[in-house]
Amino acid sequence: MKDPHLFLRNVSNYPAESYIRGIIRDWADHIAIPNRRSYDEDWQAHALIEHAMKALLYDLGFQKAIFPMECGGWNLGQTDSVATMCGWMFEEVSRADSGIGVAMGVCYWPLIMIAAKPHVNMRLCKEFAPMFVDADGPRLSALCLTEPQGGADIENIDIVKGRTLKTTARLVGDEWVINGHKLWPTNTGGEADLMAVLCTTNPGSENPDDIACIYVPAETPGVTQGKPYEKVGMAADKNGDIWFEEVRVPAWYRAHGPGLDALYFREVLAFAMLSSFYALGPLINTYEILYEFCSQKTLNGIPLKEHDAVAAELSEIVGGIEVSRASVYRLAAMLDRPDIHGARWSHEVVSYGRATKHVVVDRCIKDIERAMDIMGTYGADRLWDVEKHWRDIKIIQLWVGGKQLCQMEGSRFYFDSQTL
Amino acid sequence: MKLSAAQAGQVTGSFPYPRQWLDTQSEEIAQSIGKWSDVELIGKRLEYRENLEHQMRALTILSKDLGVDRFIWPEREEDDGFTFPEAASTLVRAYEEIGRGDAGLGFISAIKVALAAVLMENGRVDESLRKEINAVFHADKLELISLVMPGLGDISRGARPALCGREVQAELTRTKDGWSLNAAGARPLNSGANAVLYAVVASYPEGFALALVPASSPGIKKGKTLTMAGLKASQNADIDFWGVSLTNERVLPLERSPFQRLLTWIDLLCSAVAVGAGLDAYRIVRDWADNRVIKTGGLLKENTMDAAVLAQVTMDILLARIAVHSLGRAVAYPGEFGVISGDDLAAFAATVRVSVMEQVLHAINRAMEMMGSAGYAKEWNIEKHWRDVNTLKGTLGGRLPVEMDVARAYYGSTRI
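Cut-offs applied
Positions within a chain are numbered from 1, following the residues in the order the chain's sequence is written. All chains are assigned letters beginning with A, and all ligands numbers beginning with 1, in the order in which they are written. Local features are withheld for residues below a pLDDT of 70 in this predicted model, meaning they are given only at 70 or higher, and side-chain atom pairs are given and counted only at 80 or more; totals for whole chains, interfaces and linings count all residues. By the convention adopted here, residues make contact when the C-beta atoms placed from their backbones lie within 7 Å. The nonpolar class holds Ala, Val, Leu, Ile, Met, Phe, Trp, Tyr, Cys and Pro. Asp, Glu, Lys and Arg form the charged class, and all remaining residues, Gly among them, are polar. When DSSP finds at least two bridges between two strands, those strands are taken to pair. What counts as a helix is a DSSP run of H or I of at least four residues, what counts as a strand is a run of E of at least two, and both are numbered from the N terminus. For the purposes of this description, domain bounds are those given by an automatic or database domain assignment. Lines fitted to the C-alpha atoms define the axes, with helices restricted to the stretch that makes contact. Angles between their N-to-C directions range from 0 to 180 degrees. Structurally, a nonpolar core is described as a collection of buried Ala, Val, Leu, Ile, Met, Phe, Trp, Tyr and Cys residues joined by way of C-beta atoms within 7 Å. To assign burial, the other C-beta atoms lying within 10 Å of each residue's own C-beta are counted, with C-beta atoms placed from the backbone; 20 or more indicates buried, 12 or fewer indicates exposed, and intermediate counts indicate partly exposed.

Now for the interface of chain A and chain B. At the junction of the two partners, chain A supplies 44 residues and chain B supplies 40 residues. Looking at the side of chain A that touches chain B, its residues break down into 17 nonpolar, 14 polar and 13 charged. Pairing analysis gives two bridges linking strand β8 (residues 297-299) of chain A to strand β2 (residues 153-154) of chain B, with the strands arranged antiparallel. Pairing of T298 of chain A across the sheet is with G153 of chain B, part of β2 of chain B.

As structure tokens, this is what we get:
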């Protein structure tokens, strides 16, 4: 029997890799995987999902990871391997359940603005870290971008330049007063404890100085989280409407200030392209399932994996895993070492991330569809778990501006397009 | 100056199909079923989503009130009803319309039609058999048939006889009074959990047979109802048949040719169902493209990249529809297509089915891309078509067995 975790062997020389992969794999194999077939029905209550989230984020402590050591965190944001380590974590968690992978990743995502070097805002880290470090249970953060009037426009910052933002921030004395309506942020639907809200200080402006990223604790008066939406998958990632009505927070809750918020938001978008790992984890698990399936099931009396025609398809799947991992870990390396590859918010890094994400996630969907086809009626059967992965990763393809924005941002840099 | 239709942005494109293959009555039937789809299913999706009771109510209206069951299987030989195989094109249109509303309902209904067609085409409808089938088609309430077809085997069960390269899941042995049926964990195509009759393709030492098994027979044990990605209307379950006794009348010899014919009918009708799902997905994404803007003002459909994706959605469905109508005509009148054998037609049907499923799945995948988050939100309903079509695609056996069928038919392969 081949090592079923063939594709989860270390990709680096860091001693931490085996340790981190090991503890998450133990969580996955004992807590998440045995229960994940019931997660779809748990999309509102989160009774089962909460148990798995608590075990991962609180008991194992992953919700602390992004914060600096001075704040009680694990200093992930200040290492030279933040993206690569996120890769290990996201792959391993998403192998069990990409919805939990996303919830975990988005716990870090909005905090990249203030907790990643070289632009750590220590005052804000110290303000918000206790919420996660000294908590008595799992805590989640959310990044509020999308608004009702236009899906991907806000993420399309180079072209739209924030002029469609309708969520406003008005400086009144030493407080920001926020008004607006956001849709779809991960970890909302009643789950968010801390939100980073992208808003404008001057509606209709194209000046990057007017784009603001302001942190809002969920308990702040005027914040209303709507009920979660019902989706095709990823039940662990709740999404809903959020309304901000005359929400007041201290002026220093803005991430960095005029110009810098817009600049570092591009870095946040580049980190979002690590979401390829949320699709790779499920594909790797699909390989593990296929190994068992194709050894056990026969066609015309011969195990499926011994049919040359099936083997050809299986080869496509393993090729997809290997090539995709190589390109996504390269993105992680680029994000880890801006001293070598250029700033994380540079056009080159963002474009590489976008181009990689859409190709990798497309490939993962195609390969899981390929697996489902080989499995025939069992492919769509929840008992084999592959159809869950298929439903989940379709969501990853469609978010943060979807496939088409990835294509445009990819082309912009590589072909010097001016208007896309 | 008056704007032309194109300048005014009107939709002039249709999804053409050869109308001369359908008479007026066939179109009327399709329109009537289309109205049922619009009123009972599409118009009530937000209210009922995939509520099983609602789906069964809707199928009862179709089968009983609109009389589809009566036309498929006339109570007496002299009663009016569809003539097989000539009704194939009519049925393609009808099942497109059902598929627009709900592919799962289309699927479980298509299985009944395919069985009825094969039984009638083979002239084996003696009185006792007719009475048996009448109990399904002419009952006061909706009744379902579950079909257990050959497919993948399992290494733990050892080698099984194969029909067209597909391993048979059940075994018949002769007894003093008739037959005994045995199978462990057989996976039906559909409705294993709630059918009143199982139609089981089984092997016996001299060949193969179709066994008609009442669900109430002693020795039948149903597994848990399966949770599938889509086709919710098909409540399926694995079934054990432990020494189920059958009279001789319930066991019909099934040579290769009628088995292929059964596959052909299933391929045809399920392809039509998938095209219907694709047509409704097109309707949903067209509505989206008419109303959503990109880059601060332009409609999605006026952006060249999005227009290209939207076009691909259409192109896939358009070609899939032409293919399935062509297959319908070939089933009805094989001579017109120069189809010379059952192998030939079965390979054609399987090719169309695999291509149609892939095209429609691809179309819906791309349509979902256009809709972003709404693509995966249940509220917008397109994700349901996506789940249904991929589930249908896998349930019918995927690509590999079909490729082997085609290789046998077109290259004379004998050992695959």
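Moving on, there is more to tell.
This part is about the domain arrangement of chain B. Residues and elements named next belong to chain B. Domain annotation for chain B reports domain 1 (19-142), domain 2 (147-253) and domain 3 (256-411). Relative to domain 3, the C-alpha centre of domain 2 lies at a distance of 29 Å. Contact residues are listed per partner, giving twelve residues for domain 2 and 13 residues for domain 3.

Next up on the list: the pairing of strand β10 (residues 237-247) of chain B. All names here are of chain B. In terms of strand pairing, strand β6 (residues 178-186) meets β10 through six bridges, oriented antiparallel. Directly across from A183, in β10, lies its bridge partner F241. As judged from the four bridges shared by strand β9 (residues 220-225) and β10, these two strands associate in the antiparallel manner. The residue of β10 that forms the bridge with I220 is F241.

Attention now goes to the sheet that holds β2 of chain B. Overall, antiparallel pairing links the three strands, which are arranged β9(A)-β8(A)-β2(B) in an open sheet. Strands with a single pairing partner mark the edges of an open sheet, and in this sheet they are β9 (302-303) of chain A together with β2 of chain B. Both β8 of chain A and β9 of chain A contribute to a ladder of two bridges, which runs antiparallel. Counted as the bridge partner of L299 of chain A is I302 of chain A from β9 of chain A. In the packing of helix α9 (residues 276-296) of chain A onto the sheet, contacts are made with β8 and β9 of chain A together with β2 of chain B, and the angle to β8 of chain A comes to roughly 50 degrees.

Turning to the nonpolar core, a few remarks are in order. One broad trend across soluble globular proteins is that nonpolar side chains are buried collectively. Judged by nonpolar contacts, the single largest core of 279 residues is most densely connected at I214 of chain A together with L269, V273, V285 and V360 of chain B. Of the residues forming this core, the biggest block, 20 residues, is contributed by helix α8 (residues 256-291) of chain B. Once you skip the residues sitting within four places of it in the chain, I214 of chain A turns out to touch A169, W176, I178, V197, C199, V249, Y253 and R254 of chain A.

Quite often, the size of an interface is put as the accessible area lost when its parts meet. Residues and elements named next belong to chain A. Segmenting chain A into domains produces domain 1 (6-139), domain 2 (142-261) and domain 3 (264-415). Using C-alpha coordinates to define each centre, domain 1 is positioned 20 Å away from domain 3. Contacts between domain 1 and domain 3 engage 27 residues on the former and 27 residues on the latter. Only α3 (82-96), α4 (98-108) and α5 (112-115) provide two or more residues apiece to the side of domain 1 that touches domain 3. Sort the elements by how many residues they give to the side of domain 1 that touches domain 3 and α3 lands first, with eleven residues. Its residues assigned to classes, the side of domain 1 that touches domain 3 shows twelve nonpolar, nine polar and six charged.

The residue after K117 of chain A, namely P118 of chain A, is reached through a cis peptide bond having omega 15 degrees. Here the amide bond leading from F84 of chain B into P85 of chain B is cis, since omega sits at 5 degrees, within 30 degrees of zero. With respect to the helices, strands and loops of the structure, P85 of chain B is situated in the loop between α4 (68-72) and α5 (88-101).

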